[in-house]
Amino acid sequence: MIATASVTGLMRDIEHLGIDLRRGGYSRPMFSTAEADLRSWFIAEAERRDLSVEPDLNGAIWAWWDLPNGNREDALITGSHLDSVPGGGQFDGPLGVASALVALDELQKREISRDRALSIVVFPEEEGSRFGVACLGSRLMAGAISPDVARNLRDAEGNTFAEIARKHGLDPEHIGPQPELMAQVGAFVELHVEQGRGLIDLNQPIAIASSIIGHGRWRISVYGQGNHAGTTLMSDRRDPMIAAARMVVKIRDLATGESDARATVGRLQPVPGGTNVIASRVDFWIDVRHPDDAVTAHLVEDIREQAELIAAEESCTMEFREESISPTVSFDASLSKRLQESLPSAPILSTGAGHDAGVLAASIPSAMIFVRNPSGISHSPEEYVEDADAELGGTALADALQPLLLNVSSRAEA
Ligand code: HGY
Ligand code: MN
Ligand code: MN
C-alpha cells in the first residue's frame, strides 16, 4: 500500500504533457507523444500500487486491484480517458483517472472488506479527435462499432487507424468486441469534470449524472471550382467556401429554432487552403445534439436539405456523411441510487457531453460523478477544477465505490 497521493498532486505531475502553444490548452490526440507519455504515467502509477496492468486488444489499459483469490467475476471498474480535443482543458479525462488512483489509495487505507475486484480503466480515443468517432475504444470493446469500419477510419493526414495502430503496437486485425472482458464487468463508475454550469449554479462540488443527451457528427464536403483569386471574376466563380459559409449560418439558425438543440461547426478545412486560391472543396463537420434522438434526426435532415439547396444556388455540389452517432443515454437507475446513498448531498444532473460510461451503459450498469468546474467551460483552456473540489472528488469516488465492492450476498451479511 502506498501513501495516499492527492488528485491535485497527480494532476500536477502531468500538467506539462501535451501543452499546445499554438492553440492554447492541451492537444493530446490518440497515439501522439503526449498521449503516450500520459499512458506511461498511468502505468507507472498503477505499478507503484502493485495493480496488474493489462492493456487490451483495443488499446485500453486495465489496472486491476485483484482479490486475493484472483476472482474477477462481477468486477467493478472506474477510470476515464487521457486523450483530449485540440486545445482542450487539463481536466477532461485525466481528472477521472487521477481521482480513480486516489480513490483506490483511500480504499486501501480504509482496509475495506470487499468481494469484487476493482479495475481502473483508461479508454483510448474518447474524444474521437484523431479518427473522428467519439469513444472509439469503448465502442470497440462493447461491439458498438465494426472492427472493419474502425480499421479504415482516417486521420486528417489520411492515415488509417489500422496503419497507425500497428505502428503503436496494436494488431489491427485483433481490435473489436471483447465479450469475455465485458462479461467480467459488473458495473462502471466514471468521475469527470463537469462540462457546464450545473454545480456552480447549485453551489455544490459534486453531482451524480442522470443522463447524456444524444449527439452525432456529420461531415459535409462542398465541391466547387478551384481557381486563381486574381484572374477569376466574381461572376465566374463556383466557390465552395461561400456555400459552406452560408451553410454554417443556416445550421446555426435551424438549431436555434429547435429548443434545447445544439449544433456546432468547429472544424472547417478548405482544399487546397491557399490565401490566393479559390478553394476547389471545403470539408466541414457538424456536431448536433438534442435530448430527443428523433429531434436530432429531424434537425439533421433539415440541415441536409438546406445544405443541398445552398450548394445548388452556389453552383456547387455536396456530400453529407454521418461519422459518429450516440443515442441519448439514461444511466442505470439502481446503480445511481446506490451512488446517491453514498453521496446524499450530490444533486442529479444531466449532461450534454458524451463519455465512455455513456457507451458502456448499453451493456453494463454505468453511472457518473461530476466535479465542479468554476468556469463552466470545457473543451477549452479555461476548463478548471479547484484543488479542494478535486480532492473532494477523489474522496467522493472512494465513498461511492466502497459499498459497491461488496456484492449483493455479502452486503446482506455486512
Ligand atoms: O464530445 C463530447 O461530448 C465528449 O467530450 N467527448
Ligand atoms: Mn471527457
Ligand atoms: Mn471531452
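The rules behind these values
Within each chain, residue numbers correspond to sequence positions counted from 1 in written order. For naming, the first written chain is A and the first written ligand is 1, with later ones following in the order written. Where totals are concerned, whole chains, interfaces and linings use all residues; where local detail is concerned, this predicted model gives features only for residues with pLDDT of at least 70, and gives and counts side-chain atom pairs only at 80 or more. With hydrogens and water excluded, all non-hydrogen atoms of the structure serve as input to the side-chain values. Coordination partners: N, O, S within 2.8 Å of the metal, 3.2 Å for Na, K and Ca; water not considered, so apparent gaps in a site are possible. Each helix is a run of H or I in the DSSP string that is no shorter than four residues. Each strand is a run of E no shorter than two, and both are numbered from the N terminus. Only protein chains enter the area calculation, which uses a 1.4 Å probe; residues under 20% of their type maximum are buried, those over 50% are exposed, and those in between are partly exposed. It suffices for a single heavy atom of a residue to lie within 4 Å of a molecule or strand for the residue to be listed as near it. In protein, a polar contact means a hydrogen-donor-capable atom and an acceptor-capable atom, both N or O and within 3.5 Å, with residues adjacent in sequence counting only if both atoms are side-chain atoms; elsewhere, any N or O pair within 3.5 Å suffices. Note on areas: these come from Shrake-Rupley sampling with a 1.4 Å probe, and a residue is covered only by the protein chains present in the view. Just so you know the grouping, Ala, Val, Leu, Ile, Met, Phe, Trp, Tyr, Cys and Pro go in nonpolar, Asp, Glu, Lys and Arg go in charged, and all remaining residues, Gly too, go in polar. When checking whether two residues touch, look at their non-hydrogen atoms; a contact exists if any pair is within 4.5 Å. Centres within 6.5 Å are what make two rings of Phe, Tyr or Trp a pair, Trp counting through its six-membered ring; a difference in plane orientation under 30 degrees is then read as stacked, over 60 as edge-to-face, and the rest as tilted. As used throughout, domain bounds are those supplied by an automatic or database domain assignment. Buried area: the accessible surface (1.4 Å probe) lost by two parts on joining, summed over both. The term salt bridge refers to a pairing of a side-chain nitrogen on Lys or Arg with a carboxyl oxygen on Asp or Glu at a separation within 4 Å. Only strands that DSSP links by at least two bridges are regarded as paired with each other. Note on handedness: a clockwise path from strand one over the helix to strand two, with the strands aimed away from the viewer, defines a right-handed crossover.

Let's talk about the coordination of the manganese ion (ligand 2)
Working step 1: Taken together, the protein donors to the manganese ion (ligand 2) comprise His81 (NE2), Asp92 (OD) and His192 (NE2), at separations of 2.0 to 2.2 Å.
Working step 2: In primary sequence terms, the donor set of the manganese ion (ligand 2) follows H-x10-D-x99-H.
Working step 3: Taken as an interatomic distance, the gap from the manganese ion (ligand 2) to the manganese ion (ligand 3) is 3.5 Å; Asp92 donates to each of them. Of this pair, His81 sits in strand β3 (residues 75-81) while His192 sits in strand β5 (residues 185-193), and the two are 111 residues apart along the sequence.
Working step 4: What makes His81 buried here is its relative accessible area of 0%.

With respect to the site of ligand 1
Working step 1: Lining the immediate surroundings of ligand 1 are Glu126, Glu127, Gln195, Arg289, Ala353, Gly354 and His379.
Working step 2: Separating a nitrogen atom of ligand 1 from a side-chain N or O atom of Glu126 is a distance of 3.0 Å.
Working step 3: Protein burial of ligand 1: of its 220 Å² of free accessible surface, 95% is covered by the chains.
Working step 4: Partitioning the shell around ligand 1 into residue classes produces 1 nonpolar, 3 polar and 3 charged.

Regarding the coordination of the manganese ion (ligand 3)
Working step 1: Only Asp92 (OD), Glu127 (OE), Glu127 (OE) and His379 (NE2) from the protein coordinate the manganese ion (ligand 3), and they sit 2.1 to 2.8 Å from it.
Working step 2: Judged by its relative accessible area of 6%, Glu127 falls in the buried class.

Considerations on the environment of Trp218
Working step 1: The topology assignment puts Trp218 in strand β7 (residues 214-223).
Working step 2: Taking relative accessible area as the criterion, Trp218 reaches 6% and is therefore assigned buried.
Working step 3: Taking the C-alpha atoms as reference points, Trp218 and Pro365, separated by 147 residues in sequence, lie 29 Å from one another.
Working step 4: In contact with Trp218, not counting residues within four places along its chain, are Phe284, Trp285, Ile286, Val288, Thr296, Val300, Phe320, Arg321, Glu322, Glu323 and Ile325.

Quick look at the packing of aromatic side chains
Working step 1: Per the stated rule, a full pass over the model turns up 6 aromatic pairs.
Working step 2: Each ring, one from Phe91 and one from Tyr384, has its centre 6.2 Å from the other, and the planes form 85°; the classification is edge-to-face. You can see Phe91 sitting in the loop between β3 and α3 (94-109) and its partner Tyr384 sitting in the loop between β15 (366-371) and α13 (387-404), a full 293 residues away along the chain.
Working step 3: The exposure class of Phe91 is buried, given its relative accessible area of 7%.
Working step 4: A connected cluster of aromatic rings, assembled from ring pairs, spans Phe31, Phe131 and Phe161.

What about the domain arrangement of the protein?
Working step 1: Each assigned domain of the protein is listed with its residue range as follows: domain 1 (7-213 + 328-413) and domain 2 (216-326).
Working step 2: Listed per partner, the contact involves 12 residues of domain 1 and 12 residues of domain 2.
Working step 3: Of the roughly 910 Å² buried between domain 1 and domain 2, counting both surfaces, carbon and sulfur atoms make up 35%.
Working step 4: Between domain 1 and domain 2 we count 0 salt bridges in total.
Working step 5: Connecting domain 1 to domain 2 are 10 residue pairs in polar contact (both at pLDDT 80 or more).
Working step 6: Residues of the side of domain 1 that touches domain 2, tallied by class, amount to 5 nonpolar, 5 polar and 2 charged.

Here's the deal with the pairing of β3
Working step 1: For β3, the tally of buried residues reaches 7 of 7 residues, placing the bulk of the element in the interior.
Working step 2: Bridge count for β3 against β5 is 4 bridges, and the pairing is parallel. Residue pairing for β5: Ile77 is matched across the bridge by Phe188.
Working step 3: As paired elements, β3 and strand β4 (residues 118-123) share 6 bridges and run parallel to each other. Paired with Ile77 across the strands is Ser119, a residue of β4.
Working step 4: Between the parallel pair β3 and β4, the chain is carried across by α3, and the sense of this crossover is right-handed.

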